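# A structural walkthrough
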Amino acid sequence: MKKKEQKLTPKKKRFNEKYNDFSDSEIQRELLFAQQLTIDKLEKIRTNTSNLVWFLIVIPIIFGILAVVLSS
């Protein structure tokens, strides 16, 4: 009884209004789409992180080693 008496937040109300009439299959499709969006975002973050590591750490180390070797 107490759970039904709790006040719903505006986000929860909008969520209930949007997905109240959906079937299980439609809800699963929505979940799959949201999961795919998350995977795509994470892949972009991974790619950008890899690029940053190469340009900010690995390449300067290689140039530093080359500078030391060529100067001696």
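Residues numbered from 1 in each chain as written. Predicted model: local features only at pLDDT ≥ 70, side-chain atom pairs only at ≥ 80, totals over all residues. Heavy atoms only, no water.

### Some words on the overall build of the chain
The cut-off we apply is this: Only DSSP runs of H or I with at least four residues qualify as helices, and only runs of E with at least two residues qualify as strands; both kinds are numbered from the N terminus onward. In this treatment the radius of gyration is a C-alpha quantity, and the globule benchmark scales as 2.2 Å times the residue count to the 0.38 power. Whether a residue is buried, partly exposed or exposed follows from its accessible area with a 1.4 Å probe, protein chains only, as a fraction of its type maximum: under 20%, in between, or over 50%, in that order. Where accessible areas are quoted, they stem from the Shrake-Rupley method and a 1.4 Å probe; at the residue level, only the protein chains shown are allowed to cover.
On a plain count of helices and strands, the chain comes out with 3 helices and 0 strands. Helices and strands appear in the chain in the N-to-C order α-α-α. Relative to the 2.2 N^0.38 estimate, which gives 11 Å for 72 residues, the radius of gyration of the chain is 25 Å and therefore markedly larger than a compact globule would have. Seen through its principal axes, the chain has C-alpha atoms that stretch 80 × 30 × 15 Å. For the chain, the proportion of its 72 residues judged to be buried stands at 1%. Split by element, the accessible area of the chain, about 7400 Å² in all, is 64% carbon and sulfur.

### Examining the confidence of the model for the chain
Note that predicted coordinates carrying low pLDDT should not be read in detail. The condition is simple: Note: pLDDT gives the predictor's confidence per residue, expressed from 0 to 100.
For the chain, per-residue confidence averages 90 on the pLDDT scale, and 93% of positions sit at 70 or higher. Helix H1 (residues 2-5) is the least confidently modelled element of the chain, averaging 58 in pLDDT, while helix H3 (residues 24-71) averages 95, the highest of any element.

### Remarks on the environment of glutamate 30
To keep it simple, the criterion reads: Working rule for contacts: check all heavy atoms of both residues, and any pair within 4.5 Å makes them a contact. Here a polar contact is recorded for every N or O atom pair within 3.5 Å, except that within protein the pair must consist of a potential hydrogen donor and a potential acceptor, and residues adjacent in sequence are included only if both atoms are side-chain atoms.
As for its position among the elements, glutamate 30 is in helix H3. Once residues within four sequence positions are removed from consideration, glutamate 30 is found in contact with Tyr19 and Phe22. Of note is the side chain of glutamate 30, whose polar atom sits 3.5 Å from the side chain of tyrosine 19.

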